[in-house]
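# Remarks on the overall topology
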Amino acid sequence: MAAVQDVARHRQVSGDTIRKIGQRHLEQHDAKPKLKHVRRLAIDEISIGRRHRSLTVVIDVDSGRVLFVGKGKGAAALDEFWPRLRSAHAKGEAVAIDMSPAYISAVTSHSPAAQIVFDRFHIMKLFNGRLSNLRRDLYREASDSLAKKVLKGTRWLLLKNGENLDESQHESQRLEEALTLNQPLATAYSLKEELRQLWEQPGAFHAELFLNDWSARARASGIRMLQKFANTLAGHRSGILAWSDHAISAGPREGLNNNIKTMPRHSYGFRNHQYLKLQILAIHNSQYALIRMS
């Protein structure tokens, strides 16, 4: 697709004129996607531009289409979406979100019949954040210079999935050295790798047994971070186990896997939020693609 300025020069008009024409076209065709037959939704935040401005997007899980774009993040960003969903008489079955209290409250209030689903991506992201903090605390507490040296370079190794460690860089060996020197870190890492198996269970019954066992071992570990995380999972138990019936995710997905930077640079500005919103809504029918940036 030719750049806006190229088209403007060819037509001998201003770039703003071309953008206005484009905006009118998008308003006619993509401004309000139909919601009547939507059954499963995913709600998530994306960041755009150099300043990482936030937008909240609602996606139809089954079609992959972006249904709504709200400025900012949190429940308020969805205020304009819920009336449209109700007006469409959509029979929402499930909504994938992260464990944000604001999102939980919004879905519970505006789509009470829908099952909330907490997906693997966000739960593991949360655990990895806690694991990273544990490593940092252990580094600060270490009195031995060797222990500090080994721990210093292990953050990304801890966050990688075990099967993705690069043997050519001796990552497994370096990680093993760090874990050998620090038992709490070894326990937390082992439970991280095991937690990933929760979403591989053959059904809700087995998933519940797995979650019960994992949580019991986390609480018995004596490691406060693991104990607190087990309590977090307990408080969101229903939405975690709902994955067995509704295997949907609010995390990165196929078809939305290119950086939003592939859009024209002027789209990043919030001076014309409506134009940016329309371009994102049109992604489903255009060459542009959207990636969730974290």
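These lines cover the structure that appears in this document, whether it is placed above or below. The structure presented is a predicted model; accordingly, all values stated were derived computationally and were not measured.

## Side note on the sheet that holds strand β3 (residues 66-71)
Pairing in this open sheet of 5 strands is mixed, and the strands run β3-β2-β1-β4-β5 from one edge to the other. Each edge of the sheet is formed by a strand with only one pairing partner; in this case those strands are β3 and β5 (115-118). Each neighbouring strand pair of the sheet contributes to a mean axis angle of 25°, computed without reference to strand direction. Direction of pairing for strand β2 (residues 53-60) relative to β3: antiparallel, over a ladder of 5 bridges. When the bridges of β3 are listed, L55 appears paired with K71.

## Regarding the packing of aromatic side chains
According to the stated counting rule, one finds 5 aromatic pairs in the structure shown. Measuring from centroid to centroid gives 5.0 Å for F127 and F229, while their planes differ by 90°, and the two rings are edge-to-face. Placement of the pair is F127 in helix α5 (residues 120-141) and F229 in helix α11 (residues 224-235), with a sequence separation of 102 residues. An identical accessibility class is assigned to F127 and F229; each is buried. One aromatic cluster is present, formed by F68, F81 and W82 through successive ring pairs. Geometry around W156 places R155 over its ring, the cationic atom sitting 4.5 Å from the centre.

## Focus on the nonpolar core
Ranked by size, the top nonpolar core spans 73 residues in total, and within it I43, I123, L195 and W214 carry the most contacts. Aside from chain neighbours lying at most four places away, what touches I43 is T56, V57, V58, L78, W82, V95, A96, I97, Y103, V107 and A250.

## Some thoughts on the layout of surface pockets
Roughly 330 Å³ of volume is contained in the second largest pocket. For the second largest pocket, the lining is made up of 13 residues, of which F121, M124, K125, N128 and N161 are closest to its centre. Looking at the lining of the second largest pocket, the elements with two or more residues in it are α5 and α9 (183-195). At 5 residues, α5 tops the list of elements feeding residues into the lining of the second largest pocket. Classifying every residue of the lining of the second largest pocket gives 3 nonpolar, 4 polar and 6 charged.

## Some words on the pairing of β2
With 7 of 8 residues buried, β2 lies mostly within the body of the structure. One ladder, built from 8 bridges, connects strand β1 (residues 40-48) with β2; its direction is antiparallel. Its bridge partner being in β2, S47 is matched across the sheet by S54. Between β2 and β3, which pair antiparallel and follow one another directly, the connecting turn spans 5 residues, one of which, G64, has a positive phi of 80°.

## Observations concerning the pattern of salt bridges
Applying the stated criterion across every chain, the model contains 10 salt bridges. Here K192 and E193 are joined by a salt bridge, their closest N and O atoms 3.1 Å apart. With a relative accessible area of 17%, E193 lands in the buried category. For D213, the salt bridge identified is with R217, shortest N-O distance 3.1 Å. Separated by 4 residues within a single helix, D213 and R217 lie in helix α10 (residues 204-220), roughly one turn from each other. For D213, a relative accessible area of 41% corresponds to the partly exposed category. With a relative accessible area of 32%, R217 lands in the partly exposed category.

Reading guide: rules and limits
- Residues numbered from 1 in each chain as written.
- Predicted model: local features only at pLDDT ≥ 70, side-chain atom pairs only at ≥ 80, totals over all residues.
- Heavy atoms only, no water.
- Pairing = 2+ DSSP bridges.
- Helix = DSSP H or I, 4+ residues; strand = E, 2+ residues; numbered from the N terminus.
- Axes fitted to C-alpha atoms, helices over the stretch in contact; angles between N-to-C directions.
- Phe/Tyr/Trp six-rings, centres within 6.5 Å; stacked < 30°, edge-to-face > 60°.
- Buried < 20%, exposed > 50% of the residue type's maximum accessible area, 1.4 Å probe, protein only.
- Lys NZ or Arg CZ within 6 Å of the ring centre and 35° of its normal.
- Core = buried A, V, L, I, M, F, W, Y, C linked by side-chain atoms within 4.5 Å.
- Contact = heavy atoms within 4.5 Å.
- 1 Å grid on protein atoms, 1.4 Å probe; cavity = no way out; pocket = protein on both sides within 12 Å on 5 of 7 lines; lining within 4 Å.
- Points joined across faces, edges and corners; volume = space filled by probe spheres on them.
- Nonpolar A, V, L, I, M, F, W, Y, C, P; charged D, E, K, R; others polar.
- Salt bridge = Lys/Arg side-chain N within 4 Å of Asp/Glu carboxyl O.

In short, geometric facts, not functional conclusions.
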